[in-house]
Amino acid sequence: MSSEEPSTRRRVILKLSGEALRETGSRDNISPEIVDRIANEVKEAMKTGEVELGIVVGGGNFWRGASASARGMDRATADYVGMLATVMNSLALQGALEHKGVPCVVQSAIEMKNVAETFIRRKAAKQLDDGKVVIFAAGTGSPFFSTDTTAALRASEMGAHQVLKATMVDGVYDSDPKKNADAKRFDRVSFQECISRQFKVMDSTAFSLCMDNKIPIVIFDLGKHGNVTEAILGADVGTVVDSQG
Ligand code: UDP
């Protein structure tokens, strides 16, 4: 089946922020225990045979291009460093998934033949068809983008039904819930509102791409055990961002 044809199974792209792989307060950028927990949750979902899963991992636990650029580094160079950081996270996740017997491949947008396949859209679509978890590493392969945008892009290319953004909050709020006790949480909100009110939970390029390609986004709390499995299987675990809102 080509990626243009609708899949009979639910096909989703899970976005994990790099920061989520780090234990709070730890000096280690990647916590093997956290990676193991996420891999367990992915395994639970894949066991059902009901889902095709792509994963985009960020790199913020190691490096963010914009922060390095604000401190004087050339932005494009800093962004390439950031993209390489996502490859380390992707390999860690792949290792944990394979250890649990979950078939898994890493496709990198920057060629790195010794550690990952090079991203080829049709190949990735076939691997998803075949029930493999495909981890999309090295972002879009271009500087000035984010891994949120990568998730939206890969979801569009792969004909995914949803983008699942696992993050540190349990949904979209109208202001920062950590700073404002009266912050209002949305069960459902439109792309337009997220973009016009500049909600920071995801970047505007990612929202726009999903809006244009009619791919709903679910924003949910990675910290709650079981949420990753539930989100992959389509349960109501967070705020839905879509055209209706
Ligand atoms: N990045 C990039 N192009 C992309 C994706 C990522 O240049 O298509 C770089 C950018 O510097 C970014 C870093 O990789 O800051 C890590 O990604 P991101 O900040 O999205 O990671 P997260 O915040 O999700 O951990």
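Everything quoted here is computed from the prediction, not taken from an experiment. (Residues numbered from 1 in each chain as written. Predicted model: local features only at pLDDT ≥ 70, side-chain atom pairs only at ≥ 80, totals over all residues. Heavy atoms only, no water.)

Draft legend 1. Seen up close, helix α4 (residues 121-129). All of the buried residues in α4 are A124, A125, Q127, L128 and D129. Buried positions along α4 lie against β1 (10-16), β2 (51-57), β3 (104-108), β4 (117-118), β5 (133-137) and α5 (147-158). Trailing α4 by a residue or two, G131 shows a phi angle of about 90°, which is positive. (Buried < 20%, exposed > 50% of the residue type's maximum accessible area, 1.4 Å probe, protein only. Helix = DSSP H or I, 4+ residues; strand = E, 2+ residues; numbered from the N terminus. Contact = heavy atoms within 4.5 Å.)

Draft legend 2. Fine view of the sheet that holds β3. One open sheet accounts for nine strands, arranged β4-β3-β5-β2-β1-β6-β10-β11-β9; its pairing is mixed. With one partner strand each, in any of the chains shown, β4 and β9 (188-190) form the two edges of the open sheet. Relative to β4, β3 runs parallel, the two being bridged by two bridges. Bridge pairing in β4 links Q107 to E117. Each of β1, β2, β5 and β6 (162-167) is contacted by α5, which is oriented at about 170° to β1, the strand it contacts most. (Pairing = 2+ DSSP bridges. Axes fitted to C-alpha atoms, helices over the stretch in contact; angles between N-to-C directions.)

Draft legend 3. Representation of the UniProt feature "domain: Aspartate/glutamate/uridylate kinase" (unreviewed entry) in the chain. Residues given the UniProt feature "domain: Aspartate/glutamate/uridylate kinase" (unreviewed entry) here are residues 11-221. Secondary structure content for residues 11-221 is 39% helix and 20% strand, and the end C-alpha separation is 20 Å. (UniProt positions renumbered as here; feature names shortened; annotations may be inferred.)

Draft legend 4. Up close: the site of the ligand. The ligand sits among 22 residues. The nearest are K15, G18, D79, T140 and T147. One nitrogen or oxygen atom from the side chain of K15 is found 2.7 Å from an oxygen atom belonging to the ligand. Within the side chain of T147, a nitrogen or oxygen atom sits 2.5 Å from an oxygen atom of the ligand. Contact with the protein chains covers 93% of the free accessible surface of the ligand, which is 520 Å². Mapped by element, the contributors of at least two residues to the shell around the ligand are α3 (75-99) and α5. When residues in the shell around the ligand are grouped by element, the largest group, three residues, is from α3. Of the residues assigned to the shell around the ligand, the class counts are five nonpolar, 13 polar and four charged. (Near = heavy atom within 4 Å. Polar contact = N/O pair within 3.5 Å; in protein donor to acceptor, adjacent residues only side chain to side chain. Areas by Shrake-Rupley, 256 points an atom, 1.4 Å probe, with all protein chains shown as cover. Nonpolar A, V, L, I, M, F, W, Y, C, P; charged D, E, K, R; others polar.)

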